[in-house]
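The chain contents come next:
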Amino acid sequence: MLKGFKDFLLRGNVVDLAVAVVIGTAFVEIVTAFTNGIINPILAVFGERDDIGLGFRLVADKPATFVQVGPVITAAINFVIIAAVLYFVLVLPALHAKKRFGTTPDTKLSDSEVLIQIRDLLADTQSSGGGRHEF
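Owing to the predicted nature of the structure, the values given are computational and were not obtained by experimental measurement.

Participant: Residues and numbers for the overall build of the protein chain, please.
Facilitator: The helix and strand tally for the protein chain stands at four helices and two strands. Its helices and strands taken in sequence order, the protein chain reads α-α-β-β-α-α from the N to the C terminus. A total of 135 residues make up the protein chain; the buried ones form 9% of that total. Restricting the contact set of the protein chain to residue pairs at least 6 apart, pairs at least 24 apart contribute 32%. Surface accessibility of the protein chain: about 11,300 Å² in total, with carbon and sulfur atoms responsible for 67%.

Below is the structure:
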């Protein structure tokens with residue numbers, strides 16, 4: 001039972017996932033600092049007076065009705081930056097490495113093609129001496 005658990009933990013997918021989570025978490029902090037320090041001040045230029053930021057009020061005399069558009073734009077920019085970096089730094093090199101060093105997946109055979117291969121194998125084994133055969 002412990003051997004199965006050890007094999008599960010040491011499989012490439014689990015280790016890769018753990019590394020990706022740690023790297024992703026650290027990278028989110030960098031992107032958040034970038035958007036808070038650069039993007040948000042730029043968006044605030046287009047907002048109302050004070051430090052409210054980009055958005056609009058639903059009711060003119062109630063500050064609580066201010067709809068903030070800036071944080072939504074900031075979150076979208078965060079997402080695009082993180083997705084682009086993960087794709088170009090992790091996914092694309094992994095795909096190139098898999099193409100270069102990995103095996104190409106076999107094409108899925110139809111039922112009739114599998115039966116033809118079985119027939120051919122049986123014919124080959126019977127013509128090579130008959131007797132007991134193991135598959």
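Participant: Summarise the pattern of salt bridges; cite the residues concerned and give the values.
Facilitator: A side chain of one charge can pair with a side chain of the opposite charge when the charged atoms of the two come close. Enumeration over the complete set of coordinates arrives at one salt bridge. Among the salt bridges present, the one from arginine 119 reaches aspartate 120, with a minimum N-O distance of 3.1 Å.

Participant: For a nonpolar patch on the surface, give the residues involved together with the corresponding values.
Facilitator: On the surface, a cluster of nonpolar side chains totalling about 610 Å² of accessible area is made up of Leu86, Tyr87, Phe88, Val89, Leu90, Val91 and Leu95. With respect to the helices and strands, the residue leucine 95 is situated in helix α3 (residues 70-101).

Participant: With reference to specific residues and values, describe the packing of aromatic side chains.
Facilitator: Applying the stated rule across the entire model yields one aromatic pair. Aromatic pair tyrosine 87 and phenylalanine 88: ring centres 5.2 Å apart, planes at 80°, arrangement edge-to-face. Taking relative accessible area as the criterion, phenylalanine 88 reaches 55% and is therefore assigned exposed.

Participant: Can you lay out α3 for me, pointing to particular residues and giving the numbers?
Facilitator: The terminal C-alpha atoms of α3, which comprises 32 residues, lie 45 Å apart, in line with the 46 Å expected from a rise of 1.5 Å per residue. Maximum bend of α3: about 40°, positioned at tyrosine 87. Taken residue by residue, α3 has Gly70, Thr74, Asn78 and Ile82 as its buried positions.

Participant: Give a detailed account of the confidence of the model for the protein chain, specifying residues and quantitative values.
Facilitator: Residues with a pLDDT of 70 or more make up 79% of the protein chain, whose mean pLDDT is 76. Per-element mean pLDDT across the protein chain ranges from 70 in helix α1 (residues 2-10) up to 86 in helix α4 (residues 111-127).

Participant: Quick rundown of the environment of arginine 57? Include the residues and the values.
Facilitator: As for its position among the elements, arginine 57 is in strand β1 (residues 55-57). The sequence separation of arginine 57 and glutamine 68 amounts to eleven residues, and the corresponding C-alpha distance is 8.7 Å.

Thresholds, definitions, all that
- Positions within a chain are numbered from 1, following the residues in the order the chain's sequence is written.
- Confidence filtering applies because this is a predicted model: local features only for residues at pLDDT of at least 70, side-chain atom pairs given and counted only at 80 or more, and all residues used for totals across whole chains, interfaces and linings.
- Working from all heavy atoms in the structure, the side-chain values ignore hydrogens and water.
- A helix here means a DSSP run of H or I that spans at least four residues, while a strand means a run of E at least two residues long, and both kinds are numbered starting from the N terminus.
- Think of it in three bands: with a 1.4 Å probe and only protein chains considered, a residue is buried below 20% of the maximum accessible area for its type, exposed above 50%, and partly exposed in between.
- We call two residues contacting when some pair of their heavy atoms lies within 4.5 Å.
- The Shrake-Rupley method, run with a 1.4 Å probe, gives the accessible areas here. Residue values count only the displayed protein chains as cover.
- For salt bridges, the criterion is a side-chain nitrogen of Lys or Arg within 4 Å of an Asp or Glu carboxyl oxygen.
- Like-charged residues within 9 Å of one another, or nonpolar side chains (Val, Leu, Ile, Met, Phe, Trp, Tyr) within 5 Å, are grouped into patches, provided each residue has over 30% relative accessible area and no salt bridge.
- For Phe, Tyr and Trp, where Trp contributes only its six-membered ring, two rings pair if their centres lie within 6.5 Å, and the inter-plane angle classes them as stacked under 30 degrees, edge-to-face over 60, or tilted in between.
- Any helix carries an expected span of 1.5 Å times its number of residues minus one.
- In this analysis the local bend is the angle between axes fitted, respectively, to the seven residues ending at and the seven residues starting at the residue.
- Scored from 0 to 100, pLDDT records how confident the predictor is in each individual residue.

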